[in-house]
2 protein chains.
Amino acid sequence: MLYRDVKRTLIADISSGAVPPGGALANEADLAKRFGVSIGTVRRAVDELVADHILVRQQGRGTFVGKLDRERFMFQFFKMARRDGPAEFPAVKLLSWLKSRATQAEARLLGLVAGAAVFRIDNLLSLQNNPLMHDRIVLDASLFSGLTQAQFEQRAGTIYELYQMAFGVTVVGAEERVQAVAVSQDSAELLGLAVGSPALRIERIAFTFDQKPAELRVSIVDTRDADYVSRLVGQSN
Amino acid sequence: MLYRDVKRTLIADISSGAVPPGGALANEADLAKRFGVSIGTVRRAVDELVADHILVRQQGRGTFVGKLDRERFMFQFFKMARRDGPAEFPAVKLLSWLKSRATQAEARLLGLVAGAAVFRIDNLLSLQNNPLMHDRIVLDASLFSGLTQAQFEQRAGTIYELYQMAFGVTVVGAEERVQAVAVSQDSAELLGLAVGSPALRIERIAFTFDQKPAELRVSIVDTRDADYVSRLVGQSN
DNA sequence: AAGTGGTCTAGACCACTTG
DNA sequence: AAGTGGTCTAGACCACTTT
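In this text, all values refer to a predicted model and were calculated from it rather than measured experimentally.

Cut-offs applied
- Residue numbering note: each chain is counted from 1, following its sequence as written.
- Chain A is the first chain written and ligand 1 is the first ligand written, with later ones labelled in order.
- Residue-level local features of this predicted model are given only where pLDDT is at least 70; pairs of side-chain atoms are given and counted only at 80 or more, and the full residue set underlies all totals for whole chains, interfaces and linings.
- Only hydrogens and water are removed before side-chain values are computed, so all heavy atoms of the structure are retained for them.
- To qualify as a helix, a DSSP run of H or I must reach at least 4 residues; to qualify as a strand, a run of E must reach at least 2; elements of each kind are numbered from the N terminus.
- Relative accessibility thresholds used throughout: buried, under 20% of the residue-type maximum; exposed, over 50%; partly exposed, between the two (1.4 Å probe, protein chains only).
- For the accessible areas, the method is Shrake-Rupley and the probe is 1.4 Å, while residue cover comes only from the protein chains on display.
- Distances are taken per atom, and a residue is near a molecule or strand as soon as one of its heavy atoms is within 4 Å of it.
- The definition of a polar contact used here is a pair of N or O atoms within 3.5 Å, where within protein one atom must be able to donate a hydrogen and the other to accept one, and adjacent residues in sequence count solely through side-chain atom pairs.
- Strands were regarded as paired on the criterion that DSSP finds at least two bridges between them.
- The superposition of copies rests on a least-squares fit of C-alpha positions from residues with pLDDT of 70 or more in both.
- Pairs of residues are marked as contacts when any of their non-hydrogen atoms sit within 4.5 Å.
- In this analysis, axes come from line fits to C-alpha atoms, helices being fitted only over the stretch in contact, and the angle between any two N-to-C directions falls in the range 0 to 180 degrees.
- For this scheme, ten residues count as nonpolar: Ala, Val, Leu, Ile, Met, Phe, Trp, Tyr, Cys and Pro. Four count as charged, namely Asp, Glu, Lys and Arg, and the remainder, Gly too, count as polar.
- If an angle is under 35 degrees, it is roughly parallel; if it is over 145, roughly antiparallel; if it lies from 65 to 115, roughly perpendicular; otherwise it is oblique.
- Grid points spaced at 1 Å over the protein atoms alone were grouped into cavities, where a 1.4 Å probe fits but cannot get out, and pockets, open sets with protein on both sides within 12 Å along at least five of seven lines, with lining residues defined by an atom within 4 Å of a point.
- Grid points are joined across faces, edges and corners, and a volume is the space filled by probe spheres set on the points.
- Just so you know, the domain bounds were taken from an automatic or database domain assignment.
- Accessible area that two parts lose when put together, with a 1.4 Å probe and added across both, is what the buried area reports.
- Salt bridges are counted wherever a side-chain nitrogen of Lys or Arg sits within 4 Å of a carboxyl oxygen of Asp or Glu.

Chemist: Help me understand the overall build of chain A in this model?
Modeler: Helix and strand content of chain A: eight helices and ten strands. By its C-alpha atoms, chain A is 65 × 45 × 30 Å across when sized along the principal axes. Among the 237 residues that make up chain A, the fraction classed as buried is 51%. Carbon and sulfur atoms make up 50% of the accessible area of chain A, which amounts to about 11000 Å² in all.

Chemist: Could you clarify how one ought to interpret the protein's contact with DNA strand D in this entry?
Modeler: Lining the immediate surroundings of DNA strand D are 20 residues, of which Asn27 and Arg57 of chain A together with Leu2, Thr41 and Gln59 of chain B lie closest. The separation between a phosphate oxygen of DNA strand D and a polar side-chain atom of Arg43 of chain A is 3.1 Å. The separation between a phosphate oxygen of DNA strand D and a polar main-chain atom of Ser38 of chain B is 2.8 Å. Of all the elements in the fold, those that place two or more residues in the surface near DNA strand D are β1 (55-58) and β2 (62-65) of chain A together with α1 (2-15) and α3 (39-51) of chain B.

Chemist: Any chance you could explain the pairing of strand β10 (residues 226-232) of chain A here in plain terms?
Modeler: Along any regular strand, the residues point their side chains to alternate faces of the sheet. Residue and element names in this part refer to chain A. By the criterion of burial, β10 is predominantly enclosed, with six of the seven residues buried. The sheet contact formed by strand β3 (residues 80-82) and β10 spans three bridges and is antiparallel. Bridging from a neighbouring strand, Arg82 pairs with Ala226 of β10.

Chemist: Whenever I open this one, the relation of the copies chain A and chain B confuses me. Can you help?
Modeler: Two chain copies here: they are related by a rotation about an axis and a translation along the same axis. Each copy of the sequence occupies a distinct position, and chain A is placed on chain B by a rotation of 180° and an axial shift of 0.0 Å, giving an RMSD of 0.1 Å. Taken together, these values place the two copies in the relation of a two-fold axis. Relative to the rotation axis, the closest C-alpha in chain A is found at Pro198 of chain A, a distance of 2.4 Å. When the interface residues of chain A are mapped onto chain B, 100% of them again fall at the interface, so both copies present the same face.

Chemist: Just to check I follow, could you spell out the sheet that holds strand β10 (residues 226-232) of chain B for this structure?
Modeler: The strands making up a sheet associate through hydrogen bonds between their backbones, and the pairing can be parallel or antiparallel. Spatially, the eight strands line up as an open sheet ordered β4(A)-β5(A)-β6(A)-β9(A)-β8(A)-β7(A)-β10(B)-β3(B), and their pairing is antiparallel. With one partner strand each, in any of the chains shown, β4 (91-101) of chain A together with β3 (80-82) of chain B form the two edges of the open sheet. Each strand axis lies, on average, 25° off the axis of its neighbour in the sheet, ignoring direction. Across the sheet, helix α4 (residues 70-77) of chain A touches β7 (173-182), β8 (198-207) and β9 (213-221) of chain A together with β10 of chain B, and the angle it forms with β7 of chain A is around 60°. Docked against the sheet, helix α7 (residues 159-167) of chain A engages β5 (117-127), β6 (130-140), β8 and β9 of chain A, running at close to 165° with respect to β9 of chain A.

Chemist: I would appreciate a short explanation of the protein's contact with DNA strand C in the present structure.
Modeler: With respect to spatial proximity, 20 residues lie near DNA strand C, and among them Leu2, Thr41 and Arg61 of chain A together with Asn27 and Arg57 of chain B are the closest. For DNA strand C, a phosphate oxygen lies 2.8 Å from a polar atom in the backbone of Ser38 of chain A. Of all the secondary-structure elements, those providing two or more residues to the surface near DNA strand C are α1 (2-15) and α3 (39-51) of chain A together with β1 (55-58) and β2 (62-65) of chain B. Grouping the amino acids of the surface near DNA strand C by side-chain chemistry returns four nonpolar, ten polar and six charged.

Chemist: Hey, could you run me through the packing of α1 of chain B against helix α2 (residues 28-35) of chain B in this one?
Modeler: For any two helices packed against each other, the geometry comes down to the angle between their axes and how far apart the axes lie. Residues and elements named next belong to chain B. Direction vectors running N to C along α1 and α2 enclose 110°, while the axes themselves pass 12 Å from each other. Taken as axis vectors, α1 and α2 run roughly perpendicular relative to one another. Contact with α1, carried on its side by Val6, Thr9, Leu10 and Asp13, involves Leu31, Arg34 and Phe35 of α2 and no other residues of that element. When its residues are assigned to classes, the contact of α1 with α2 shows four nonpolar, one polar and two charged.

Chemist: Just to check I follow, could you spell out empty space enclosed by the protein for this structure?
Modeler: In this approach, a probe sized like a water molecule rolls over the atoms, and the result shows the empty space that is left. For the coordinates displayed, the defined rule picks out two cavities of 30 Å³ or more. Quantified by volume, the largest cavity comes out at close to 110 Å³. Lining the largest cavity are 14 residues, and of these Phe77, Met133, Glu176, Arg204 and Ser219 of chain A lie nearest its centre. Of all the secondary structure elements, the ones that give two or more residues to the lining of the largest cavity are α4, β6, β8 and β9 of chain A. Together, 14 residues line the second largest cavity, and Phe77, Phe78, Met133, Glu176 and Arg204 of chain B are the ones closest to its centre. Those elements that place two or more of their residues in the lining of the second largest cavity are α4 (70-77), β6 (130-140), β8 (198-207) and β9 (213-221) of chain B. When its residues are assigned to classes, the lining of the second largest cavity shows eight nonpolar, one polar and five charged.

Chemist: Explain the domain arrangement of chain A here, please?
Modeler: Frequently, the measure chosen for interface size is the accessible area removed from exposure when the parts meet. Residues and elements named next belong to chain A. Domains assigned within chain A are domain 1 (2-65) and domain 2 (70-228). Taking only C-alpha atoms into account, the centre of domain 1 sits 30 Å from that of domain 2. Contact residues are listed per partner, giving seven residues for domain 1 and eight residues for domain 2. For the pair domain 1 and domain 2, the summed buried surface comes to about 640 Å²; carbon and sulfur atoms form 71% of the total. Three residues stand out in domain 1 for area buried against domain 2, namely Pro21, His53 and Ile54, and they jointly supply 64% of the buried area on that side. The tally of links between domain 1 and domain 2 comes to zero salt bridges.

Chemist: Is there a simple way to explain the interface of chain A and chain B in this structure?
Modeler: In this assembly, 41 residues from chain A lie in contact with 41 residues from chain B. Of the roughly 3600 Å² buried where chain A meets chain B, counting both sides, 47% is carbon and sulfur surface. Our count for the chain A to chain B interface comes out at four salt bridges. Its salt-bridge partner being Glu175 of chain B, residue Arg231 of chain A comes within 3.0 Å of it at the nearest N-O pair. The interface formed by chain A and chain B includes 21 residue pairs in polar contact (both at pLDDT 80 or more). Listed by contribution, the elements that provide at least two residues to the side of chain A that touches chain B are α1, α4, β3, β7, β8 and β10 of chain A. Ranked by residues supplied to the side of chain A that touches chain B, first place goes to β7 of chain A with ten residues. When its residues are assigned to classes, the side of chain A that touches chain B shows 18 nonpolar, eleven polar and twelve charged. Sheet topology note: the β10 of chain A/strand β7 (residues 173-182) of chain B ladder contains five bridges and is antiparallel. Bridged to Arg231 of chain A within β7 of chain B is Glu175 of chain B.

Given below as structure tokens:
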């Protein structure tokens, strides 16, 4: 399982920051020399990392560490799409920001001890100036130590890009659990719904390499005009 | 793009029934001879079909056409899981069966003309004897010509396995659109909910090779005890 | 023991991007 | 022109399953 070792080392290089987001990997021949394997073996390791969207290959240019920019966020992490049109990047407005302590349930989901310090960040997301959903993000404060509200609000790109650039926390995947709920008064006001209307509740645990949880996010979504879209694999061309 | 040609030919062999579900492919060396390419090129084509779950490799035994059995159905097409436990195969009870004509919306989703002949099949799915969800399936009658209620009720395996075995229709993927709705009286009675309670509505279009739509299915799901679970990729080990 | 897929090698040539 | 990834070859040996 040589290619496994190569893959592990490449992941270590990325998660340690030795190769930064957007940075180029060494070329395939050099990697092969460094690891003492053939180019084919390097390619196999890189193939898998490309399949996971951790690396991006560009023929003729090189292989780069994938940035969690808008395009990737839309592709991988934003599943809502209006029924009448194509997917679109949402406008995000910060509603509240506070440092707090994890409840027992939050601690379990994030792999922390109950009462651990966390950041709580609430956002309102809109499409075409219409409120669509409301996110409540919970972050392990020790993983994002020093994060400030100003830093969060003034970020240039996506939230995950901020995690990656400023804290070396690369979100590589997530698990979402979706259910239907009756909206509370708070959510109803934010989304322009009647209290008790049906809405989606999405609980997302985003994780980094090694499946380590990095973020807990609970979204309440108005699905009068948009759907949660899920593709059950199967390309085959 | 030799391996692309190999892949296309293998797909043609499968969808034509030349290699039946569960049947073995020729071994890699023979395939290489047949296509006049190296084993590595055959492997690449087969790799992609395995990634799409169309083929299954078993070291030392051979490569087989994947059957749409319970295991695969659970893995790929059944996303509901109880919050208190692991995923579990649902019991399916036929509620109604009739031959009818496609509405305009159904025809659009299935790629038919409005008024085309369709089968309408309603099922109730339960976990641990508790009703969980209610499916309304719409099938193009010309694609499943000769399908009878008895055949449907007496099938041995999954519904998709019946499509595959009896009609040569292999479902390889699907797109699901999920929204929250207030349940109608019919659904409420079936699921033991109060009328107007929030529930998930899942609209699934299942497709075969070439993305041709094969089935439309609308599910109403009670999420008091179970979630719709979605994994946003990212393995990376 | 024979046959299968799983991994790996050490090249080759092609397509694409950049200076 | 030089450098990169993309594809392909023709082997080799290993791990596993079946006879």
